[in-house]
Amino acid sequence: MTDHSEIDSVSGTATTGHEWDGIRELNTPLPRWWVYTFYLTIVWAIGYWVLYPAWPLITSNTRGLLGYSSRANVAVELANLDKIRGDRMAALGAASLADIEKDPALLALARARGRTVFGDNCAPCHGSGAAGSKGFPNLNDDDWLWGGTLDQIEQTIRYGARSGNDNGHQGQMLAFGKDGTLKPDEIVTVANYVRSLSGLPTRAGYDAAAGAKIFAENCVACHGENAKGNPELGAPNLTDRIWLYGSDEATIIETITNGRAGVMPAWEGRLDPVTLKAMAVYVHSLGGGK
Amino acid sequence: MNKPVTPEELQYDNYGPLYAARKKVYPQSVSGTFRRIKWALMAVCLGVYYLLPFVRWNRGLGAPDQAVLIDFPNRRFYFFFIELWPQEVYYFTGLLILAAVILFLMNSIGGRIWCGYLCPQTVWTDLFYAVERLVEGDRRERMKKDAAAHKWTAKRICEVVLKHSIWLMIAWWTGGAWVLYFSDAPTLVKDLPTFQAPLLAYVWIGILTTTTYLLAGYMREQVCVYMCPWPRIQASLTDEWALNVTYRYDRGEKRCSVKKAAELRALGEHAGDCVDCNQCVAVCPTGIDIRNGPQLECIQCGLCIDACDTVMKKIGRPTGLIGYDNDINIHLRQEGNAPIYRIVRPRTMVYSAVIALVGGIMLYALATRSLLDINVLHDRNPVAIKLSDGSIRNAYTVRLLNKSGFDRVIAFDIDGPVNAAVHVVGADSVTPDRPEIVIPRDTTTELRLLVTAPEETNPEKSIPVNFHVTDIGLGVVASATDNFVAP
């Protein structure tokens, strides 16, 4: 190849020797330091590929000689954290639920732990402040479907309700309308009777005696003769002012017709035993605990 | 092409070049009243600085027994009977204001007496000069030795090594004493040589050793002249009545020898007292000539007064040719009037009043400082809860600050909602309506407090509620206000 390069008379710089329609190109190469830095980055990259996880493969990726893994680092960090918390968490695990509430330091620890874990696991249904919503109980109040003592709360968290766990709470509200147990007009009557139990106004011309009769024949088995409910079965107290699904007539009719069977998951196995205890204390300390 | 500017061209009129290399100052030893005052103040200042961390103060079991301690890990400041928490840092603001105004007052009475007698830079430099004088000899010898810097005899090497060793020792102790204020002093003194002390202690000792050695050993008067803002600030705080170190030129001029002065006086003519012996220049730690009038470099230490008085006594003339004085008096004397010293004047009275006011406010704040505080934070989510019987419950996070040195048993009372009940989560339920809680000494306790009130008696959407904390034993009450809200 013939070298056509020459010195450009205006700039005094060599040309590349290429010519396009009379236009020639000055040869101004990159600075040396830049080029060598660039080569260095290439060498660096090769070293990086060898030492660190780099190339994607079909199902995984190259691991690298150093065995670095950010996931493993997280595991180490978490283990360190557990070590730091070890003593205090052990104290929490050793104390009974009642003792935790009486010891200010343990109570503070359980509440701090509980608040965080509640936000991660419980807030989607119960809300970040545990105020609940329709179908999801408010945990701040004093109305408890499955009991509000520390032990009862812990049991509900641990095993859930209608959760599929063998130890979980099993009771449910039957679908009296769908099953054909009650006729629609009977449902309206008993719905008004239920409203009257907590002093809510009833529909004009409603037959209180008929309502009481239907209630006695169908509902007392779970809700009790005085309609105060039964925490063994998760049957709510119908005489108080708190309604999980709503107290208006339409909602009560819907409840009686189709039944209710909200699910509380079982957290045993998903949360460690100490955390479960902290959760029970936290929920109890929100204010509604018995 | 522009010609390079020569240093000679960088001159403003007669003030000399913009840059001048430092001329090393060799202050001569001097004795007299002001020198004695300076020694005494140096002893007091350094004594307090080095020994204060070892002073003990009994605060009871479990509390530190160091009289002055800045406890960073536990976020406490101890000063004898005072213990301050981080949120009370405004006391330090008050202290700084007080210090500034006291400095103003000192300045309006006696010029830069702070600089001359009390400033750490002056005190340590003075100490370093004393060491230098002890090891290398007085002014003349030191100048001679420095001039013959290349002659490294064994004696000279010993001297230089000894001087720097003593300097470094003093500097090291300066840093060492500093860290003692931040930890239990006797423990730290044991931990430091055995390398048990925290790394930060060694770092701080290193920093302060370096700064003390450099500032007092090498930079000296340059710190005052070039680095310190105070000489500039004080110029705006002084007035014509302030007593600055002044050469009484009415008496001193015209300078002439002792012999010539005697001849002139024999002829009944005026002769100045200044014999131009330059002793005032020789003793000056900033190397200036006070006879040129008030100067930025002058730190008002009064050593030139001592030097001049010594000479005046020798030649049998009255002392006080240089003294704490001002130009007004010089003019008064020139006119044949008696000098006037006005210490009490509007400026000093205003400063004194400000000092009294700030000091009074601080004392009052300290004396009436609450040792039991309460902060209340209303739950945001949910704001209010309806209970099964229809009553309303609000939850609050209550933070109690027990700043006293003993545990307290406190009870909560509230007023606001009608027929309200208070419950504290975790508190003994023996007294459900008036929960009693133990709050440990010197700690912050956080509690969850529930207020429940019937809906019927509290129909308003929001009711102001006052929380009262009563110390069961002492009856001290702290209060906080929040709202009781309906769902």
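Higher on the page you've got the structure.
The model shown is predicted, which means the values in this text are computed figures rather than measured ones.

Scanning chain B from N- to C-terminus turns up 16 helices and 14 strands. Here the C-alpha radius of gyration of chain B, 33 Å, is well above what a compact globule of 487 residues would show, namely 23 Å. Each of the 487 residues in chain B was classed as buried or not, and the buried ones make up 24%.

Let's shift gears to the interface of chain A and chain B. Counting residues at the interface gives 19 residues for chain A and 16 residues for chain B. The set of elements that each furnish at least two residues to the side of chain A that touches chain B consists of α3 (97–102) and α4 (104–121) of chain A. Sorting elements by how many residues they give to the side of chain A that touches chain B places α4(A) first, with 3 residues. Here the residues of the side of chain A that touches chain B sort into 5 nonpolar, 7 polar and 7 charged.

Attention now goes to the pairing of strand β1 (residues 68–71) of chain B. One ladder, built from 4 bridges, connects β1(B) with strand β2 (residues 76–79) of chain B; its direction is antiparallel. In the sheet register, Val68(B) faces β2(B), and the bridge partner there is Phe79(B).

Before going further, it helps to examine the sheet that holds β1(B). Residues and elements named next belong to chain B. Pairing within the open sheet is antiparallel, and its 3 strands lie in the order β1-β2-β3. Of all strands in the sheet, those with a lone pairing partner are β1 and β3 (82–84), marking the two edges. Going from strand to strand, the sheet's axes swing by 10° on average, the running direction of each strand aside. Here 3 bridges tie β2 to β3, and the two strands are oriented antiparallel to one another. Considered in β3, the bridge of Phe77 is made with Leu84.

Our focus in this paragraph is the nonpolar core. In terms of nonpolar packing, the biggest core is built from 30 residues, with Cys280(B), Val283(B), Leu303(B), Cys304(B) and Ile322(B) touching the most fellow members. Counting residues per element, the ones that place at least two in this core are α2 (90–110), α3 (113–118), β4 (244–247), α13 (279–283) and α14 (303–314) of chain B. At 5 residues, α14(B) tops the list of elements feeding residues into this core. Judged by nonpolar contacts, the second largest core, of 24 residues, contains Leu107(A), Tyr159(A), Met279(A) and Val283(A).

Now for helix α8 (residues 199–219) of chain B. Helical geometry note: an α-helix holds 3.6 residues per turn, so side chains three or four residues apart project in the same direction. Residues and elements named next belong to chain B. End to end, α8 covers 28 Å across 21 residues, agreeing with the expected 30 Å (1.5 Å per residue, within 8%). Buried within α8 are the following residues: Ala201, Ile205, Thr209, Thr212, Tyr213, Ala216 and Gly217. Seen from one end, α8 has its buried residues packed into an arc of 100°, which puts them on one side. Seen from the buried face of α8, the exposed residues on the opposite side, beyond 90 degrees, are Leu199, Leu200, Val203, Gly206 and Ile207.

Once that is clear, we can look at the sheet that holds strand β11 (residues 436–439) of chain B. Residues and elements named next belong to chain B. The strand order β11-β9-β13-β14 describes an open sheet built from 4 strands, whose pairing is antiparallel. Either end of the sheet is taken by a strand with one partner, and the two such strands are β11 and β14 (477–485). When the angles between neighbouring strand axes are averaged without regard to direction, this sheet yields 30°. Pairing of strand β9 (residues 408–415) with β11 involves 4 bridges; the strand directions are antiparallel. Bridging across to β11, Arg408 finds its partner in Ile439.

Rules of the game
- Residues numbered from 1 in each chain as written.
- Chains lettered and ligands numbered in written order.
- Predicted model: local features only at pLDDT ≥ 70, side-chain atom pairs only at ≥ 80, totals over all residues.
- Helix = DSSP H or I, 4+ residues; strand = E, 2+ residues; numbered from the N terminus.
- Rg over C-alpha atoms; globule rule 2.2 N^0.38 Å.
- Buried ≥ 20, exposed ≤ 12 C-beta atoms within 10 Å, placed from the backbone.
- Contact = placed C-beta atoms within 7 Å.
- Nonpolar A, V, L, I, M, F, W, Y, C, P; charged D, E, K, R; others polar.
- Pairing = 2+ DSSP bridges.
- Axes fitted to C-alpha atoms, helices over the stretch in contact; angles between N-to-C directions.
- Core = buried A, V, L, I, M, F, W, Y, C linked by C-beta atoms within 7 Å.
- Expected span 1.5 Å × (residues − 1).
- Arc of directions from axis to C-beta.

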